[in-house]
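Structural overview
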Amino acid sequence: MRIGVFGRGHVGAALGHALARAGHEVRYGVRDAGEAQPEAPGLVSLAEAGSWGEVLVLGVPYGAVHEVLRAAGNLDGKIIVDPTNAPKPPTDERSSSQIVASFVPGARVVRAFNTVPAEVMINPRFEHGRASTFVCADDALARTTVLALARDIGFDAVDAGPLRSACSIDKLLGVWRVLALDAGLGRNVAFELLRR
């Protein structure tokens, strides 16, 4: 698939690299069109990435999402993957991804990859298992597409239902922070869903 990644920070670069390694064509949309130079292949403007990509990935901090989506132009019908995390979750009734969806009502927003750090995004395989990512979206086809992309890059992709499910899934991020940062386990930790 053609994957447009908005931003090339830790998250954008990790997901973009993993998707390219899995055989997808990846281009990175950047704010400053001057950055899109021939010596940096794959860098294009935000608007170019938005129009070119079949699937678009938000690889920017949550605070920059609204501005980036506006700069990207018309995104009607596009699948937008949202791995961003608001500094403080908005409410228990509305996830940050539902707020992102309100910025682009014609697009199909999918919540995924937000409970794992960039270090795990680039390689979700562990010695005894694979990291799980929980995929939420109101559009069933968009959800199925992102589940397949997540599996392409090695994740145990879990269908977590509609976008409102993200309110519950997002609470795992707090658990991850306690384990990785407060308990000193480091950033290379992730959740795996066990099934029987």
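Anything mentioned here points back to the structure above.
Computed from a predicted structure; not experimentally measured.

1. Here we look at the nonpolar core
- Counting residues in hydrophobic clusters, the biggest one holds 32 residues, and the most contacted among them are I3, V81, V110, F113, V146, I153 and F155.
- Those elements that place two or more of their residues in this core are β1 (2-6), α1 (10-21), β2 (25-30), β4 (55-58), β5 (79-82), α5 (118-121), β9 (132-137) and α6 (140-152).
- A total of five residues in this core trace back to one element, the largest contributor, which is α6.
- Discounting chain neighbours no more than four positions away, the residues touching I3 are L19, H24, E25, V26, R27, W52, V55, V57 and L149.
- Grouped together as the second largest cluster of nonpolar side chains are 28 residues, A64, I80, V100 and F134 included.

2. What about the packing of aromatic side chains?
- Under the definition given, this model contains one aromatic pair.
- One cation-aromatic arrangement involves R2 over W52; the distance from NZ or CZ to the ring centre is 6.0 Å.
- The cationic tip of R8 hangs over the ring face of Y28; the distance from NZ or CZ to the ring centre is 4.4 Å.

3. Notes on the state of the cysteines
- Evaluated as defined, the whole model comprises zero disulfides.
- Take C167: it sits in no disulfide, and the sulfur closest to it among the cysteines is that of C136, at 9.1 Å.

4. Side note on the sheet that holds β4
- Overall, mixed pairing links the eight strands, which are arranged β3-β2-β1-β4-β5-β6-β9-β10 in an open sheet. Each edge of the open sheet carries a strand with a single partner, namely β3 (43-45) and β10 (156-159). Adjacent strand axes in the sheet meet at a mean angle of 30° when their direction is disregarded.
- Sheet topology places β1 next to β4; four bridges connect them, and they run parallel.

Definitions and cut-offs
Residue indices begin from 1 for each chain and proceed along its sequence in written order. For this predicted model, a pLDDT threshold of at least 70 governs which residues receive local features, and a threshold of 80 or more governs which side-chain atom pairs are given and counted, while totals over whole chains, interfaces and linings are taken from all residues. Excluding hydrogens and water, the side-chain figures rest on all heavy atoms present in the structure. By convention a nonpolar core is built from buried Ala, Val, Leu, Ile, Met, Phe, Trp, Tyr and Cys residues, the set being connected through side-chain atoms within 4.5 Å. Relative accessibility decides the category of a residue: with a 1.4 Å probe and only protein chains considered, values under 20% of the type maximum give buried, values over 50% give exposed, and everything between is partly exposed. Here a helix means four or more residues in a row that DSSP labels H or I, a strand means two or more in a row labelled E, and each is numbered from the N terminus. Contacts between residues were defined by any pair of non-hydrogen atoms, one from each residue, lying within 4.5 Å. Any two rings among Phe, Tyr and Trp, with Trp reduced to its six-membered ring, count as a pair given centres within 6.5 Å; such a pair is stacked if its planes are under 30 degrees apart, edge-to-face if over 60, and tilted if neither. Geometrically, a lysine NZ or arginine CZ counts as sitting over a ring once it is within 6 Å of the ring centre and also within 35 degrees of the ring normal. Note on terminology: pairs of cysteine sulfur atoms within 2.5 Å are recorded as disulfides. By definition, two strands form a pair when at least two bridges between them are found by DSSP. Orientation is described by axes fitted as lines to C-alpha atoms, over the contacting stretch for helices, and by angles from 0 to 180 degrees between their N-to-C directions.

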